[in-house]
Amino acid sequence: MAKEVRLPQLGQTMEEGTFVSILVEEGSQVSKGDVLFEVETDKATLEMESPEDGFIKKILVKPGETLEVGAIVAIIGEENEDVEDMIQTSSDSNGADDSSSAQAKTAESETLKVITLPQLGQTMEEGTIVNILVKEGDNIAKGDVILEVETDKATLEMESTQEGVLKKLLVKSGDTIPVDAPVAIIGKEDDVVSQDYIDSLLSGKADANSGESTTASEVQSEQAPEGVKVLELPQLGQTMEEGTIVSIIAEVGKTIAKGDVVLEVETDKATLEMESTADGVVKAILVEAGETIPVDTPVAIVAPVDVEISQAYIDSIKNSASSDTTEAKPAPVAPAKPAPVAKPAPVAAAPKATAASGNKIFASPRAKTVAKELGVNIADIKATKDPLRIKEVDVRNYASTIASPAKDESAVIEMPQPEHQLGERVALTRMQKVVAQRMVESKQNIPCFYLNSVVDMTELVAFRAKLNKTAPVKVSFNDFIIRALGIAVKQFPIMAGQIVGDDIKIADSISVGLAIAVEDGLIAPMSKDVDKKSLIEVAQYNQDLIARAKSGQISPDDLSGGCITLSNLGAFGIESFIPIVVPGQCSILGTGWIKDELVPQNGNILIRKLMKMTLSVDHKIANGAYAAQFLDYVRKLLENPASL
Amino acid sequence: MSYKIDDKRGKKVPKISELIKKGQITIDDAKDWLRTIYEIRFFEEKVFELLGKNIIKGASHLYAGEEAIATGALAAMEIGDVLGSTHRGHGHCGASGNKYAESEGERQMHWNRMMAELMGKETGYCGGRGGSMHIADVQKGNLGSTGIVGGNQPTAVGAAYAEKYKGTGKAVVSFFGDGATNTGTFHESMNMASVLDVPLVAVVENNLYGMSVPFSGSPIEGTVRASNIEDVAVRAAAYNVPAMIIDGQDVVAVYLAMLEALSYAKENNKLILVEAKTYRWYGHSRSDPRAYRTKEEEKIWRERDPIIVLSEKLLSEKLATQEELDEIKADADKTINDATEFALNSPWPDPKDLAKDVYVEESYSQAQHSLDEDLSKKSLEATDAFTKALESAEGKTKKEKSENAKAKIKADYKMDVLTMGEAVVAAQSEEMAKDKDVIIMGEDVGLYGGAYGATKGLLAEFGPERVIDTPISEAAIVGSGVGAAIRGMRPITELMYIDFLTIALDQLMHNAAFNRYMFGGHAKVPMVLRSEGGVGRCIAAHHSKSLEAWLMHIPGLYVVMPSTPYDAKGLLKAAIQSDNPVVFIEHKATYGQLGAVPTQDYIIPLGKADIKREGSDVTIVTYSRMVMFALEAAKELEKQGISAEVIDLRSLKPLDIETVANSVRKTGKMITACEGFRMAGSGAEVVRQLMEYTFDDGRTGFDYLDAAPVNLAAEDVPPPMSEPLELASIPSIDSIVAAAKNIVA
Ligand SMILES: Cc1ncc(C[n+]2csc(CCOP(=O)(O)OP(=O)(O)O)c2C)c(N)n1
Ligand SMILES: [Mg+2]
């Protein structure tokens, strides 16, 4: 079999080479390693060796010629082999592989240059050819005017961006073509432009004009208009790998906003809602109810209302899902009926003017940090110790001067500006909607009774302070209470029960929910397996859990499987309150602040730190006496912190 | 046996059939040699091609033409013999993998992993961390290959020492080029190997050129010569060891010579040099136009292609038919093509694993941390108590007073009072008693007991096999340590002065620190480089520097610098126990410093700072002898109403920035103090890390600074000899006090 010999990269930076001398002749026999040519590169003159044993059938270069790395320079074959065909394709395309025209196109475009219609004005999307000023065979220099084009604004001249011989004109007078459509092919004097190549260019053009389906690779070469977004199935839980579409909520043609529900998905854990991550009009839905798809599969295409999406594009997105590509495909769209006027892109909200303080204030980072902590305005402070900058002492001194008179006056309570105004309508956040629905469900289905108890936290407070000197994490009061609940539930397992038919099904493991106020509502993720972990491990887990809750990274995993919840409003100065049981759980414990109280003991009066607890219990599952023993056990555990 | 050259070229090489008849090899062995040669050849040809297509990137030193050497040598080696390779290592790795492959499948996978490594794929031998120049399966007795010419020779010496010490009966075969025999490490290594009497076969692949320079000259105008000798083998005279010269194109000749060399090395625990004359078909690397050699020369060598030489033997001896040879060739071709497919289809390494395997992961238990916290406080108390006891101690002589004071501390605190030097000796002695793989190598570490007495008495305690006085060869000392460590020992190598690091840095950085990472996490280098540094003895700039900042700059190293006997002992024991390479630098002016050291066994976690004194106004971050200066300064500052916290970093890498940041969060002011040069120094690094340190609340160290941090460090001058200048070149107690007053004001 004859083989083409291509110019190899003879040095790391070599991109092209000039043929200095040709050391073999057509017909001569060569072996692998024999020197065929001497090639001059940017660095040195080097020898190019034969990669094959055989006979030189054809030499396709001339001395002095400069070719790019990879160009075909010779053909080697058997002595009597007929390689005419090959020579034809090789010299035609200098890149012929027995592969598709798409490849031929790229290979060919190494020597041939295509001139496309440029955007001649900011809003220009297409142009009509008014006048053609050149003809095929003309020698053209860069900057020569080749066409006159009429746009929506004016008639303009189009200049050549290439130099060489005009091999082929691809437009005629009167044609209206979109920006970037091919207009002409420029090449070398002796270049031959194959019909295949022209066709491949024109078919690209035809596609562009008709919006007919195109092959994936051609589609990719087109640019997507701004604003097209492919919605993909997100990972809705830590372990989620795929999801089954339960129902499709979004409709093709309807407007959708960021945060609107697109579909409902069932995962291995729960049925969840998938929200849109884009604003726009739903152009296509790519999945069907009942289908099970892996995470990251495209499910819908959203785009601005006036952007048209071609079927080809939709197919290519679908295909990209079935093949295993992970790279995001560019989103090409056939600009069939170009939007008459491109909508102005939404202007990014102008950054709020920074506090117009005028002069720059020099203060140490620490001074600024402390000022923030003490709630004083650094601009009000003067540098005293170090004239160059305000330091921590200055802030503290200032804070004490303004704080002391304030104390003398009768208590003026400083409050921040209220967030909402009277009469305002505040939209429910999604999270609040869920809370509302679940709480109503609880009140309707869970007949509760309420138990009150007081726990003496004095020892626990001291114990915690000591522990926190050495512990790898700060252990909070909640961590203690959660750990106590874990131990107590294990002792009183009915507290982990749920009615299932005629039975009470006791949970397999003990997770305690922790009610956390977050920006847009309330969330109660689970501290898992608290009966099996040490206090420190519980604290570590909770710390991470709270961080994730605050940053909105709670997964369905975190929310499932609870048997009891802790709601602690002590930090807000609440003494006691009655919490509402979370549906699916048997009880919830509400705790108040830890307060110094005078407690009589053996004729003395002691100051003890007391905390009130209220347990709301589902009477369907547990009875008063049982729950009371449970709560009392929790109290005992908290009063003996070393046992936790 | 001493120096003698056995030039085997021109002598009759026995026929393959004779070897078969003698039962030395089988016909399958001989055919397998041919297949290995073909596989290496096709591998190199494929690599050449893929480099042209930019599918393989980076360096490529091809072994084509030299295949008979690796093939013959590996055939002569036993399973378990150790191999050291070079920048031109595809052949060594290739032949070695074939030797260890127990099935066709394993053989295929071996080539797969080689090709994948060259492409930088995750499935490569080194996970794409090394590539062409560093290709080695270190799990199969390969010490690895280096990109530094001559750089692999010292490791081979240490590895050979390990084999001898452990009595494995194995030897090390260390390959290197003719060019490499002009490096300093060649001389250091050959000399060291010859005086240590280790089983080492040093194989010089003399392909006549080191890159473009002919070893012994070339008729082409413009070329020079790299040596004034014809044969490298004559250099064996300098070490009084035997040498052979062999035909590197004839695999049978290589095999037989290597058998002889290996049995000599093993039986006598000796070094032997084998010079194989050979030629590379390609240029030095892909871009080399080979202007330095003639086409005639290339043609003559091409006629002695190892493939031709072996094929002709097999045919003429009627051991194989042409069809069989064609089949072997086709098999080899398929193996390499399949390997290429495999590599092309292999995944890239995941950038999230970028920093994987820089270190062996190590952690310390809470108990170890707590014990140190407890003991370090007690030891400081006990040291203070000792100082007081000494003042009031009874006794006629100083010695008697000191003995009495020590006895009191022992009674009150259960602690010995030791000098820094004694603590260092004690740490080594304890670890050596516990673990026989711990050995010491260095200059004057034996009878002399170390230039600063840090190995005093250890020769008597552990004997010359474990406390090894070496020639003055810093690169070979450190490199041998690396080689021994790779082969399972825990060597402590001593550099008399850290200044001498300049000579040994290649070994420390490229071989000790990078080894694990570059060989895909498959190797570890559990060695300690002990040294001392700093000013204080008026011995000028070649013997007084503090070079820790250089070392902090090297990924893969730990850097530890103790300030008290308690720290020195506990840290050095931890360093010896660590599976990572640790540089441990004492301060030359502190060897006599006394301090209380617990009698119980303890270690100090590496990477943990120690708060030597608590304070609230300013944080002084320091280490090594400067800790003592800072503590004195803190006493003075206290008198002036300033409360200084003194943090002893103890480990500079890893650096415990958390302790520093928590302190600065309290004080808002930071001074660093060290004896290293100020520019790009350790203090600057502490400031950088502090700025970036993020607390739980999201605030950074920056947010808590109330004044610009101050870096006290050595002036940027070569440390001068004259005492007043020497003193002026580093921070002093006074300058620390002044800086603190200034920053707190
Ligand atoms: C210390 C060092 N100096 C220079 C180089 C650049 N270099 C790489 S290989 C080489 C030639 C080595 O010659 P030789 O030891 O004969 O081995 P060969 O390449 O011939 O196999 C040179 C100069 C290097 N990698 N390391
Ligand atoms: Mg060489």
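Just so you know, these numbers come straight off a predicted model, no measurement behind them.

Student: Account for the overall build of chain A, naming residues and giving values.
Tutor: Assigned secondary structure in chain A consists of 13 helices and 35 strands. Buried positions account for 38% of the 644 residues belonging to chain A. At a minimum sequence separation of 6, the contacts of chain A that also span at least 24 residues come to 59%. Within the structure as shown, chain A displays about 35,900 Å² of accessible surface, and the carbon and sulfur contribution to it stands at 51%.

Student: Please give an account of the interface of chain B and chain A that cites residues and values.
Tutor: On the chain A side, the residues contacting the 25 residues of chain B number 21 residues. Buried area between chain B and chain A, both sides added, is near 1,700 Å², and the carbon and sulfur share of it is 39%. Considering only the surface of chain B that becomes buried against chain A, Arg286, Arg699 and Asp706 of chain B emerge as the three largest contributors, covering 29% of it. The tally of links between chain B and chain A comes to four salt bridges. Between Arg290 of chain B and Glu49 of chain A there is a salt bridge, and its shortest N-O distance comes to 3.1 Å. Summed over the shared surface of chain B and chain A, the number is 13 residue pairs in polar contact (both at pLDDT 80 or more). Breaking the side of chain B that touches chain A down by element, the ones donating at least two residues are helix 2 (27–52) and helix 22 (657–667) of chain B.

Student: Can you break down the side chain of Asp394 of chain A residue by residue, with the values?
Tutor: Residues and elements named next belong to chain A. The topology assignment puts Asp394 in helix 7 (residues 392–408). By relative accessible area, Asp394 is classed as buried at 3%. Within the structure, Asp394 has its side chain in polar contact with the side chain of Thr384 (distance 2.5 Å).

Student: An account of the packing of helix 6 (residues 153–166) of chain B against helix 7 (residues 184–196) of chain B is needed here, citing residue identities and associated values.
Tutor: Residue and element names in this part refer to chain B. Between helix 6 and helix 7, whose axes approach to 8 Å, the crossing angle comes to 15°. It follows from the interaxial angle that helix 6 and helix 7 lie roughly parallel. For the element pair helix 6 and helix 7, the recorded crossing hand is left-handed. Residues Gln153, Pro154, Val157, Tyr161 and Lys164 of helix 6 form the contact with helix 7, whose participating residues are Thr185, Phe186, Ser189, Met190, Met192, Ala193 and Leu196. Each residue belonging to the contact of helix 6 with helix 7 can be placed in one class, and the counts come to eight nonpolar, three polar and one charged.

Student: Just give me the short version of the environment of Pro579 of chain A, but keep the residues and values in it.
Tutor: Along the chain, the position of Pro579 of chain A falls in the loop between strand 32 (564–568) and strand 33 (587–591). Setting aside residues up to four positions removed in sequence, Pro579 of chain A forms contacts with Tyr450, Ile588, Leu589, Gly590, Thr614 and Ser616 of chain A.

Student: Go over the packing of aromatic side chains with me, naming the residues and quoting the values.
Tutor: Residue and element names in this part refer to chain B. Enumeration according to the criterion identifies 23 aromatic pairs over all chains in this entry. With centroids separated by 5.6 Å and ring planes inclined at 50°, the aromatic side chains of Phe43 and Trp111 adopt a geometry described as tilted. Within this pair, whereas Phe43 is found in helix 2, its partner Trp111 is found in helix 5 (residues 104–119), the two being separated by 68 residues in sequence. In terms of burial, Phe43 and Trp111 fall into one category: buried. Measuring from centroid to centroid gives 5.4 Å for Tyr497 and Phe500, while their planes differ by 55°, and the two rings are tilted.

Student: Go over the coordination of the magnesium ion (ligand 2) with me, naming the residues and quoting the values.
Tutor: All names here are of chain B. All of the protein donors around the magnesium ion (ligand 2) are Asp178 (OD), Asn207 (OD1) and Tyr209 (O); their distances to the metal are 2.0 to 2.1 Å. Read in sequence order, the donor residues for the magnesium ion (ligand 2) give the motif D-x28-N-x1-Y. Residue Asp178 is found in the loop between strand 4 (172–177) and helix 7, and its partner Tyr209 is found in strand 6 (residues 209–210); the two are separated by 31 residues along the sequence. Taken individually, Asp178 and Tyr209 each receive the classification buried, so the pair is uniform in this respect.

Student: Which residues make up the nonpolar core, and what values do they have?
Tutor: All names here are of chain B. Counting residues in hydrophobic clusters, the biggest one holds 128 residues, and the most contacted among them are Leu200, Leu273, Leu508, Leu551, Leu649 and Val660. Apart from residues lying up to four places away in sequence, Leu508 is in contact with Val478, Leu501, Ala513, Leu529, Leu551, Leu557 and Val583. Ala116, Met119, Val138 and Ala320 belong to the second-largest nonpolar core, a separate cluster that totals 80 residues.

Student: So, the sheet that holds strand 1 (residues 3–6) of chain A: which residues are in play, and what are the values?
Tutor: Residue and element names in this part refer to chain A. With antiparallel pairing, four strands are arranged side by side in an open sheet as 1-8-6-3. Since the sheet does not close on itself, it has two edges, and those belong to strand 1 and strand 3 (29–30), each with one partner. Sheet topology note: the strand 1/strand 8 (residues 72–77) ladder contains four bridges and is antiparallel. Among the inter-strand pairings, Val5 is bridged to a residue of strand 8, identified as Ala74.

Student: I'd love a proper account of the pairing of strand 23 (residues 710–714) of chain B, names of residues and values included.
Tutor: Residues and elements named next belong to chain B. Examined bridge by bridge, strand 22 (residues 670–677) and strand 23 share four bridges and lie parallel to one another. When the bridges of strand 23 are listed, Ile671 appears paired with Val710. For the handedness criterion, the β-α-β arrangement of strand 22, helix 23 (residues 682–692) and strand 23 is classed as right-handed.

Rules and cut-offs
- The written sequence of each chain sets the order in which its residues are numbered from 1.
- Naming scheme: in the order in which they are written, chains are lettered from A and ligands are numbered from 1.
- In keeping with the model being predicted, local features are shown solely for residues with a pLDDT of at least 70 and side-chain atom pairs are shown and tallied solely at 80 or more, while totals for entire chains, interfaces and linings include all residues.
- The side-chain numbers reported here are obtained from all heavy atoms of the structure, hydrogens and water having been left aside.
- Here a helix means four or more residues in a row that DSSP labels H or I, a strand means two or more in a row labelled E, and each is numbered from the N terminus.
- Buried residues are those whose accessible area, probed at 1.4 Å on protein chains only, stays under 20% of the maximum for their type, while exposed residues exceed 50% and partly exposed ones sit between those limits.
- Working rule for contacts: check all heavy atoms of both residues, and any pair within 4.5 Å makes them a contact.
- In short, Shrake-Rupley with a 1.4 Å probe defines the accessible areas, and a residue's cover is counted only from the protein chains shown.
- Accessible area, probed at 1.4 Å, shrinks when two parts are joined; the buried area is that loss added up over both.
- Salt bridge criterion: a side-chain nitrogen from Lys or Arg within 4 Å of a carboxyl oxygen from Asp or Glu.
- The definition of a polar contact used here is a pair of N or O atoms within 3.5 Å, where within protein one atom must be able to donate a hydrogen and the other to accept one, and adjacent residues in sequence count solely through side-chain atom pairs.
- Under this scheme, a helix contributes an axis fitted over its contacting stretch, all axes are lines through C-alpha atoms, and angles between N-to-C directions fall in the 0 to 180 degree range.
- Roughly parallel here means an angle under 35 degrees, roughly antiparallel means over 145, roughly perpendicular means 65 to 115, and every remaining angle is called oblique.
- Crossings are classed by handedness, with left-handed meaning an anticlockwise turn of the near helix from the far one by less than a right angle and right-handed meaning a clockwise turn.
- Note on residue categories: nonpolar means Ala, Val, Leu, Ile, Met, Phe, Trp, Tyr, Cys or Pro, charged means Asp, Glu, Lys or Arg, and polar means any other residue, Gly included.
- Each aromatic pair joins two rings of Phe, Tyr and Trp (for Trp, the six-membered one) with centres within 6.5 Å, and gets the label stacked for planes under 30 degrees apart, edge-to-face for over 60, and tilted for any other angle.
- Water is not part of the atom set, so a site may look incomplete; the donors themselves are N, O and S atoms within 2.8 Å of the metal, or 3.2 Å for Na, K and Ca.
- Working definition of a nonpolar core: buried Ala, Val, Leu, Ile, Met, Phe, Trp, Tyr and Cys residues. They are joined through side-chain atoms within 4.5 Å.
- DSSP-based pairing: two strands are paired if at least 2 bridges between them are found.
- Handedness is read with the strands pointing away from the viewer; a crossover is right-handed when the path from the first strand over the helix to the second is clockwise.

Coordinates in, geometry out; function isn't part of it.
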